[in-house]
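Chain by chain, the residues:
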Amino acid sequence: MIKLLEKIGEKVGYKYLRYGIPFQIECKKHKKEIDYLMSILADDLSRDVLNAAIKSRKRRNNKYIKALYDTSNTKYLTLNSGDTVYYDPSQYFLKDIIKLSKDEVFIDGGGFVGDTTLNLIEQTSGIFKKAHIFEPIKRNCEQIKKNITELSDKIILHNVGLYSSDEETYFEDSGSSSRVGKGKGKDLVKLVALDSHLSEEERSEITYIKLDVEGAELAALEGMRDTIVKYNPKLAICLYHKPEDLWELPLYIHKLNPQYKFYIRQHQPVYETVLYAI
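Residues numbered from 1 in each chain as written. Predicted model: local features only at pLDDT ≥ 70, side-chain atom pairs only at ≥ 80, totals over all residues. Heavy atoms only, no water.

Enquirer: Please explain the pattern of salt bridges as it appears in this structure.
Expert: Tallied over the full model, the rule gives 15 salt bridges. Salt-bridge contacts for D43 lead to R265; the nearest nitrogen and oxygen are separated by 2.6 Å. Of this pair, D43 sits in the loop between α3 (31-40) and α4 (44-59) while R265 sits in strand β12 (residues 262-266), placing them 222 residues apart in sequence. Here K234 makes a salt bridge to E104, at a shortest N to O gap of 2.6 Å. With K234 in strand β11 (residues 234-238) and E104 in the loop between β2 (84-87) and β3 (105-109), this residue pair connects regions lying 130 residues apart in the sequence. Each of the two residues, K234 as well as E104, counts as buried. Where salt bridges share partners, they join D195, E200, R203, D226 and K230 into one cluster. (Salt bridge = Lys/Arg side-chain N within 4 Å of Asp/Glu carboxyl O. Helix = DSSP H or I, 4+ residues; strand = E, 2+ residues; numbered from the N terminus. Buried < 20%, exposed > 50% of the residue type's maximum accessible area, 1.4 Å probe, protein only.)

Next comes the structure, spelled out in structure tokens:
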């Protein structure tokens, strides 16, 4: 049934056909994993957010998750490229969870138009060691170059996407439903595994990794397994692109490195559910 709904969703561009009853079935099937994740989360707010995210998806009603986000946090920013983005400035930079230093080496996985790296610059007053931006879409890279004009010596732009292996595929660029899909989409993009793309020396410096890669988060994590195991960087991973991401991504990281503490926070009224692993 779920596969049939996915096929219908592909035709109508409505990926959320996997929610409601199909998601209830998946939650029942994975109850043990969900219960275990609840038990290892670092605080009650994380459990509240996870519960609300699951409830919203089960009932196809976002009021449960909306209740956990203060809309007054949302800011609007017009960039040099002319793009206007709205965002929560604390997303990826929660001061009570994420501690930044002057030696920060940041991986911006899913750079879009450079908005997260611009926020990093603002949050640190430009005092950090390096930022690597990974963005597979060429036109987005052109926007990044327009938007980030300072600290160019510290920022390295990679016109590739993060994935489990080095390959080329098509990217389906459709706004919030964008995703990597073999044989689908009009943009041929290059994908790389972080572990093979950066040198051992470069990877040893990484202190913080953010992933918002349109449903390829698990594949990207698989491609940086060695980095996570060896160097224990802080992680901020989006959990909202696929229904099963809510439990699969935290538990995959936990399996790689049980020492991480997990926090889950909500940064927009509906989307932007983020896992922090510290």
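Next comes the rest of the write-up.
Enquirer: What should I look at first to understand the side chain of K234 in this one?
Expert: The exposure class assigned to K234 is buried, which follows from its relative accessible area of 15%. Among residues more than four places away in sequence, those in contact with K234 are I98, K99, E104, T207, Y208, I209, A277 and I278. (Contact = heavy atoms within 4.5 Å.)

Enquirer: Got a minute to help me understand the packing of α3 against helix α12 (residues 245-256) in this structure?
Expert: Two numbers describe a pair of packed helices, the interaxial angle and the distance between the axes. Across the interface, α3 lies against α12 with an axial gap of 10 Å and an inter-helix angle of 60°. On the basis of their axis angle, the class for α3 and α12 is oblique. For the element pair α3 and α12, the recorded crossing hand is left-handed. Residues E33, I34, Y36, L37 and I40 of α3 lie in contact with α12, whose contacting residues are L246, W247, P250, L251 and H254. (Axes fitted to C-alpha atoms, helices over the stretch in contact; angles between N-to-C directions. Parallel < 35°, antiparallel > 145°, perpendicular 65-115°, else oblique. Left-handed = near helix turned anticlockwise from the far one by under 90°.)

Enquirer: Where do I start with the sheet that holds strand β13 (residues 273-277) in this structure?
Expert: One key point about sheets: their strands pair by backbone hydrogen bonds, in either a parallel or an antiparallel sense. With mixed pairing, seven strands are arranged side by side in an open sheet as β5-β4-β3-β10-β11-β13-β12. The open sheet has two free edges, formed respectively by β5 (155-158) and β12, since each of these has just one partner strand. Each adjacent strand pair in this sheet contributes to an overall mean axis angle of 15°, direction not counted. As judged from the four bridges shared by strand β4 (residues 130-134) and β5, these two strands associate in the parallel manner. Opposite I133, over in β5, you have L157 as the bridge partner. Strand contacts of helix α6 (residues 115-124): β3, β4, β5 and β10 (208-211), with the helix running at about 155° to β3, the strand carrying the most contacts. (Pairing = 2+ DSSP bridges.)

Enquirer: Would you mind going over the packing of aromatic side chains with me for this structure?
Expert: Each pair of aromatic rings is reported with the distance of its centres and the angle of its planes. Scanning all chains against the criterion turns up seven aromatic pairs. Arranged with centres 6.0 Å apart and planes meeting at 45°, the rings of F93 and F106 form a pair that is tilted. Here F106 lies in strand β3 and F93 lies in the loop between β2 and β3, a separation of 13 residues in the sequence. By the burial criterion, F93 is buried, and F106 matches it. One aromatic cluster in this structure is built from Y19, F23 and W247. (Phe/Tyr/Trp six-rings, centres within 6.5 Å; stacked < 30°, edge-to-face > 60°.)

Enquirer: Quick question: what am I supposed to make of the pairing of β3 here?
Expert: In the case of a regular strand, side chains alternate between the two sheet surfaces. Of all five residues making up β3, five are buried, and the element is well covered by its neighbours. Side chains of β3 alternate between two faces, with V105, I107 and G109 and F106 and D108 buried alike. Where β3 and β4 come together, five bridges link them in parallel fashion. Paired with D108 across the bridge in β4 is I133. In this region the chain leaves β3, passes through α6 and returns to the parallel neighbour β4; the handedness of that crossover is right-handed. (Right-handed = clockwise from strand over helix to strand, strands pointing away.)

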